2 protein chains.
Amino acid sequence: MSSLLKERVKCASLLKKVVTHPRDLVSLFKHGDYIGMSGFTGVGYPKVVPQALADHVQENKLEGKMKFNLFVGASLGAEVEDRWAKLDMIDRRYPHQVGKNIQKGINEGRIRFSDQHLSMFSQNLTYGFYTKECANQKSPINYAIIEATEIKEDGSIILAASVGATPEILHMADKIIIEVNTALPSFDGIHDIHLPLDPPHRKPLMIENVQDRIGTTGLKIDLSKVVAIVESTKPDNTGGNAPEDESSKQIAKNLTEFLISEVDAKRLPKELLPLQSGIGNIANAVISGLVESPFENLTVFTEVLQDCFINLFEANKLNFASATSVRLSEEGFKKFYADWDNYKNKIVLRPQTISNAPELIRRLGVIAMNTPVEFDIYGHVNSTCVNGSRMINGLGGSGDFLRNGKLSIMHTPAARPSKNDPIGITCIVPMVSHVDHTEHDLDVFVTEFGYADVRGLCPRDRAKLIIEKCAHPEYKPILLDYFETNLKKCLKTSSAHQPHDLSTVFKMYQNLQEKGTMRIEHW
Amino acid sequence: MSSLLKERVKCASLLKKVVTHPRDLVSLFKHGDYIGMSGFTGVGYPKVVPQALADHVQENKLEGKMKFNLFVGASLGAEVEDRWAKLDMIDRRYPHQVGKNIQKGINEGRIRFSDQHLSMFSQNLTYGFYTKECANQKSPINYAIIEATEIKEDGSIILAASVGATPEILHMADKIIIEVNTALPSFDGIHDIHLPLDPPHRKPLMIENVQDRIGTTGLKIDLSKVVAIVESTKPDNTGGNAPEDESSKQIAKNLTEFLISEVDAKRLPKELLPLQSGIGNIANAVISGLVESPFENLTVFTEVLQDCFINLFEANKLNFASATSVRLSEEGFKKFYADWDNYKNKIVLRPQTISNAPELIRRLGVIAMNTPVEFDIYGHVNSTCVNGSRMINGLGGSGDFLRNGKLSIMHTPAARPSKNDPIGITCIVPMVSHVDHTEHDLDVFVTEFGYADVRGLCPRDRAKLIIEKCAHPEYKPILLDYFETNLKKCLKTSSAHQPHDLSTVFKMYQNLQEKGTMRIEHW
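Everything numeric in this text was worked out from a predicted model, so none of it was measured.

J.: I'd love a proper account of the overall build of chain A, names of residues and values included.
T.: A count of helical and extended segments in chain A gives 18 helices and 25 strands. For 523 residues, the compact-globule formula gives about 24 Å, and the C-alpha radius of gyration of chain A, at 24 Å, lands near that figure. On the principal axes, the C-alpha backbone points of chain A span a range of 75 × 50 × 45 Å. When each of the 523 residues of chain A is scored for burial, the buried share is 66%. Contacts spanning at least 24 positions in sequence make up 73% of the contacts within chain A whose residues lie at least 6 apart. For chain A, the accessible area works out to roughly 17,300 Å², and carbon and sulfur atoms hold 50% of it.

J.: Break down the packing of aromatic side chains for me, with residues and values.
T.: If you walk through the whole model with that rule in mind, you get 49 aromatic pairs over all chains. Between phenylalanine 68 of chain A and tryptophan 84 of chain A, the aromatic rings sit 5.4 Å apart at their centres with planes inclined by 40°, giving tilted as the arrangement. Of this pair, phenylalanine 68 of chain A sits in strand β2 (residues 68-72) while tryptophan 84 of chain A sits in helix α4 (residues 78-86), and the two are 16 residues apart along the sequence. Residue tryptophan 84 of chain A is classed as buried on the basis of its relative accessible area, which comes to 0%. Three or more aromatic residues link up through ring pairs in this structure, and these residues are Phe187, Phe313, Phe333, Phe336, Tyr337, Trp340 and Tyr343 of chain A. Between lysine 406 of chain A and the ring centre of tyrosine 127 of chain B, over which it is positioned, the NZ or CZ distance is 4.3 Å.

J.: Can you tell me about the domain arrangement of chain A, naming the residues and giving the values?
T.: All names here are of chain A. Its domain assignment divides chain A into domain 1 (3-232) and domain 2 (246-477). Taking only C-alpha atoms, the centre of domain 1 and the centre of domain 2 are 28 Å apart. Contacts between the two partners involve 49 residues from domain 1 and, on the opposite side, 46 residues from domain 2. Around 3,600 Å² of area is buried between domain 1 and domain 2 when both sides are counted, 60% of it from carbon and sulfur atoms. Where domain 1 packs against domain 2, one counts 1 salt bridge. Where the side of domain 1 that touches domain 2 is concerned, the elements lending two or more residues are α5 (100-107), α6 (118-126) and α7 (166-172).

J.: Which residues make up the relation of the copies chain A and chain B, and what values do they have?
T.: Mapping chain A onto chain B calls for a rotation angle of 180° and an axial translation of 0.0 Å; the resulting RMSD is 0.0 Å. Expressed as an axis order, the relation between the two copies is that of a two-fold axis. Every residue of chain A has its C-alpha some distance from the rotation axis, and the shortest such distance is that of glutamate 359 of chain A, at 2.1 Å. Comparing interface residues between copies, 100% of those in chain A also lie at the interface in chain B; the contact surface is shared.

J.: Would you mind going over the sheet that holds strand β16 (residues 374-376) of chain A in detail, with residue names and values included?
T.: Residue and element names in this part refer to chain A. The strand order across the open sheet formed by 3 strands is β17-β16-β23, and the pairing between neighbours is mixed. Whereas interior strands pair on both sides, the edge strands pair on one side only; in this sheet they are β17 (381-382) and β23 (428-429). Alignment of β16 against β17, held across 2 bridges, turns out to be antiparallel. In the sheet register, glutamate 374 faces β17, and the bridge partner there is asparagine 382.

J.: I'd love a proper account of the UniProt feature "domain: Acetyl-CoA hydrolase/transferase N-terminal" (unreviewed entry) in chain A, names of residues and values included.
T.: In the numbering adopted here, UniProt assigns the feature "domain: Acetyl-CoA hydrolase/transferase N-terminal" (unreviewed entry) to residues 16-231 of chain A. Secondary structure within residues 16-231 of chain A divides into 20% helix and 21% strand; the distance between the first and last C-alpha atoms comes to 13 Å.

J.: Explain the packing of helix α16 (residues 459-470) of chain B against helix α17 (residues 476-492) of chain B residue by residue, including any values.
T.: Residue and element names in this part refer to chain B. In the contact formed by α16 and α17, the axes pass within 9 Å of each other and the chain directions differ by 165°. Here α16 lies roughly antiparallel to α17, going by the angle between them. Crossing of α16 against α17: the hand is left-handed. Seen from α16, the contacting residues are Arg460, Ala463, Lys464, Ile467 and Glu468; seen from α17, they are Lys476, Leu479, Leu480, Phe483 and Leu487. For the contact of α16 with α17, the residue count by class is 6 nonpolar, no polar and 4 charged.

J.: Got a sec to walk through the pattern of salt bridges? Specific residues and values, please.
T.: Residues and elements named next belong to chain A. Using the criterion set out here, one finds 72 salt bridges over all chains in the structure. Of the charged contacts, one joins arginine 23 and glutamate 59 as a salt bridge, the two residues approaching to 2.7 Å between their closest N and O atoms. Here arginine 23, found in the loop between α2 (12-15) and β1 (34-37), pairs with glutamate 59, found in helix α3 (residues 49-59); they are 36 residues apart in sequence, far enough to count as distant. Arginine 23 gets classed as partly exposed once you look at its relative accessible area, which sits at 42%. With its nearest N and O atoms 2.7 Å apart, the salt bridge here joins glutamate 147 to lysine 47.

J.: Can you break down unusual backbone geometry residue by residue, with the values?
T.: Residues and elements named next belong to chain A. Tyrosine 94 connects to proline 95 through a cis peptide bond whose omega is -20°. Within the secondary structure, proline 95 sits in the loop between β3 (90-94) and α5. Backbone torsion omega between proline 199 and proline 200 reads 10°, so that peptide bond is classified as cis. Mapped onto the fold, proline 200 is located in the loop between β7 (173-181) and β8 (226-232).

J.: I'd like a description of the environment of glutamate 133 of chain A, backed by residues and values.
T.: All names here are of chain A. Tracing the sequence through the fold places glutamate 133 in the loop between α6 and β5 (141-151). Residues glutamate 133 and proline 413, 280 residues apart in the sequence, show an inter-C-alpha distance of 44 Å. Not counting residues up to four positions away in its chain, the partners in contact with glutamate 133 are Tyr34 and Arg92. There is a polar contact of 3.1 Å between the side chain of glutamate 133 and the side chain of tyrosine 34.

J.: So what's going on with the sheet that holds strand β17 (residues 381-382) of chain B? Which residues, and what values?
T.: Residue and element names in this part refer to chain B. The strand order across the open sheet formed by 3 strands is β17-β16-β23, and the pairing between neighbours is mixed. The sheet is open, and its two borders are formed by β17 and β23 (428-429), each paired with just one other strand. Pairing of strand β16 (residues 374-376) with β23, which is carried by 2 bridges, proceeds in the parallel orientation. Each residue of the ladder has a partner; that of phenylalanine 375, found in β23, is isoleucine 428.

J.: Describe in detail the UniProt feature "domain: Acetyl-CoA hydrolase/transferase C-terminal" (unreviewed entry) in chain A, supporting the description with residues and values.
T.: When the UniProt feature table is mapped onto this chain numbering, "domain: Acetyl-CoA hydrolase/transferase C-terminal" (unreviewed entry) sits at residues 332-482 of chain A. Structurally, residues 332-482 of chain A is divided into 30% helix and 23% strand, and its ends, taken at the C-alpha atoms, are 46 Å apart.

J.: Give a detailed account of the interface of chain A and chain B, specifying residues and quantitative values.
T.: Tallying the contact residues gives 84 residues for chain A and 84 residues for chain B. Contact between chain A and chain B buries roughly 7,200 Å² in total, counting both sides, with carbon and sulfur atoms accounting for 53%. Taken together, the connections running from chain A to chain B amount to 10 salt bridges. The salt bridge involving arginine 403 of chain B is made with aspartate 441 of chain A; its shortest N-O contact spans 2.6 Å.

J.: Now, about the side chain of serine 383 of chain A: what can you tell me, with residues and values included?
T.: All names here are of chain A. In this structure, serine 383 sits in the loop between β17 and β18 (385-386). On the basis of relative accessible area, serine 383 is assigned to the buried category, the value being 14%. Setting aside its immediate chain neighbours within four residues, serine 383 contacts Pro372, Val373, Gly394, Ser398, Met410, Asp436 and His437.

J.: Please give an account of α17 of chain B that cites residues and values.
T.: One full turn of an α-helix is made of 3.6 residues, so residues set three or four places apart face in the same direction. With 17 residues, α17 of chain B extends 24 Å from end C-alpha to end C-alpha; this agrees with the ideal 24 Å at 1.5 Å per step. Along α17 of chain B, the residues that are buried comprise Ile478, Leu479, Tyr482, Phe483, Asn486, Leu487 and Cys490 of chain B. For α17 of chain B, the buried positions fall inside an angular range of 160° around the axis, keeping them on one side. Among the exposed residues of α17 of chain B, those oriented more than 90 degrees off its buried face are Lys488 and Lys492 of chain B. The elements touched by buried residues of α17 of chain B are α5 of chain A together with β23, α16 and α18 (507-515) of chain B. Looking one or two places after α17 of chain B, you find serine 494 of chain B, whose phi comes out positive at around 50°.

The rules we used
- Residues numbered from 1 in each chain as written.
- Chains lettered and ligands numbered in written order.
- Predicted model: local features only at pLDDT ≥ 70, side-chain atom pairs only at ≥ 80, totals over all residues.
- Heavy atoms only, no water.
- Helix = DSSP H or I, 4+ residues; strand = E, 2+ residues; numbered from the N terminus.
- Rg over C-alpha atoms; globule rule 2.2 N^0.38 Å.
- Buried < 20%, exposed > 50% of the residue type's maximum accessible area, 1.4 Å probe, protein only.
- Contact = heavy atoms within 4.5 Å.
- Areas by Shrake-Rupley, 256 points an atom, 1.4 Å probe, with all protein chains shown as cover.
- Phe/Tyr/Trp six-rings, centres within 6.5 Å; stacked < 30°, edge-to-face > 60°.
- Lys NZ or Arg CZ within 6 Å of the ring centre and 35° of its normal.
- Domains from an automatic or database assignment.
- Buried area = accessible area lost by both parts, 1.4 Å probe.
- Salt bridge = Lys/Arg side-chain N within 4 Å of Asp/Glu carboxyl O.
- Least-squares fit on C-alpha atoms with pLDDT ≥ 70 in both.
- Pairing = 2+ DSSP bridges.
- UniProt positions renumbered as here; feature names shortened; annotations may be inferred.
- Axes fitted to C-alpha atoms, helices over the stretch in contact; angles between N-to-C directions.
- Parallel < 35°, antiparallel > 145°, perpendicular 65-115°, else oblique.
- Left-handed = near helix turned anticlockwise from the far one by under 90°.
- Nonpolar A, V, L, I, M, F, W, Y, C, P; charged D, E, K, R; others polar.
- Polar contact = N/O pair within 3.5 Å; in protein donor to acceptor, adjacent residues only side chain to side chain.
- Expected span 1.5 Å × (residues − 1).
- Arc of directions from axis to C-beta.

And the structure:
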């Protein structure tokens, strides 16, 4: 046993459970098991035991014969999740995922993926909604495999760079395997662990400011469930950030302009309200844009902290950030660990049931921002399925925030390239091919061409504004033609609240499939 | 001034503002005004002044020349709202409506209707989201016209059979007109009025049980805003209830069967969790079905109390009910008023921002139930727009409850008659023509043929179960054919997470328009 591991595992009874060779654990698992793992957006996930299991499957040609039901707060690192998918080791998967192979498995019908709101996943798990057919209803998760950075004298766990659904997964687990990562510093002090009781015993979440704490820094578990402690020395496999391009910088500029106008109109205080931001280069550009903005003393109540938030801290613009995961690049993590004592007091990591709680998002008046696959002229949004059918990653926490924020903002480039056409795909369509967020939830749409503030508008007025302010110039006449033609038609049949023609509404998608572009000649 | 009015208006300074002829108030209003009214689901709305205004428009042929922006918690009585719509007196309308003429106006493009979540309407109003262009940003509602049943010595208002958005409307109003209804008993004691502060000052809602109170029975207002007190003697115009038919009774039976199985599986306590129910004959049948069920000591946390809840009280099954409105038939109101001292202690009426608060619905673990226009094989739901275009009433509080309840249940007959065919319209379709609630939010679908418990299922498994358990036998093969054909197609292109063919997906609707039935021969 390494001296580093001894130092990190301060609980004597658990130190006795150290297993030196993770391979020795492989025999525990059997086809059909329900497995929970720690991890969220590719940080804080177990790195050793899942790999040992994958090695076992690969070496013994057990592809498709060792399939598991996999429960994780959100996505794991690709070297775990995507490798499992490639080896056909995943039957059911909840509630989010990232990786080419897992997407392939889902869209090829091998993996049964249930796309869930991240705030609801943990509670539905404790409610027993996903494990109805399990024999052991009290502990239906056969094994929980989690990453820790320290274990305290009393056996409480200090998690790593994410909390996610780990408290609930451990609560529902029959047996627990803990990977203690000695290559990371101990994250002691940054977490705020609170496991809400199920109704009818649930209490209010007494958080009134982003920095308020309601739980403990360590995660208390039933020590008798622990079957093994394993040392891990592998870092989180996060990769770099997608670079900001001109289009995303212009989107950020338009969004900042909108926020400034809201402050001027006194609908937002000058330090704004807590910010939430999705993942990706546009989200990065938007948050980075705030470095140059007049705003100060900002706060963040979000799901994931990316590098851009570290930049905002460094620019002295950001006072405090609450999230469930810190997902930084290698470079970002270096900065973060080097300045640990500072960040520990400026960041809190909560379970996703708290970071994404509708109760808190609405109370705090969060400004929610996200990037969709596409949105439509009436304000419905597709965040998950291309062509209505092909799953990308899932909706994550977008619904939690967009439905409950004071302001709900969608930002995207107006068009994207298809194979044949640099603007072959318009992100603004007559009707989205899949709806994850409805017209009832969105306030503002932003593209590089401008922003449409649709608050209080009826669908017809929304359509005109969205086309005018957000659509790519090449698609404007096409979309306007759809709207005006069908407005006229629907007026004749007294059905013009939200004018549509269901026989042509998806014509642009068919054109894309047949001719490689959504630029159609006529409706 | 009547002696009854004198008795009800206990505040001396307000008694001076009594106006005997409501017509004298007509000259106050001008074209383009923002008008707020009390009222919710056709109870507790002002009955005298809006009628005087309508008379004025009608007599002076001012149709289309006296249009207002109308803000009400939900729907008004038909004799007000529908008459205003007929006289073309409504420009914009928030956030819900009921009535043939107002629907006509909306679908003919004359009325700009913005369909909003009822829990969000009040706060978006205080945020100034609907009144961005008003000159007076502090008090952008020019006139609030409300119904009261009493005014206390200190000027605080005792509302009538609904609270709705009245507290926020009065808060945002420049001038207030109060109709004191002397034909109704005083509702003193039943309300719990609480006006949440806007972020960043908002506090937790300290309600842990349906009967908890956090506010006051009277509504405090700025007395200097009151311009007139008017006596009203007209009852709420609620009409009777739609009768329960065999189909809705069978739906209720299937739903009760599901609830019993949840109790057996220990996923629900034996007294269930607080119930919420939509409006209509199916909702009525479901709640009435509980009278015959084994459940006792039930509680209700809902938006509207209909007659069925009174039946449940009378059967000694129901301990307490929280809502924002009591919408009873004439007969129901008689019972209610006769037993006022009893019901006053068993019912609380809250503002809709509290009755429909995501915070409370999730904390209490509400069992949410509603009736849609249609749902699809993957679990998306249309609650508002026929053919994707024609608005009916709006989504009301359905989203507030279905998104946050512990269990979210949709119940509907499997098919409805079209003009040509007694089952010409299937309520289960391949893809709904408008999405109000997404696949991420629904747990259980119920029709007269059975129930589909889709919790934890991937879309492909959901589709098979929904078709098998819920679809009308005549539509089963049609739907199964769609699913299986497109599953095969989408598997070929690795896009089979949620198999669809966008070129045929709405074919049933076209068939309905052309041939009067959704029963198509082939896809």
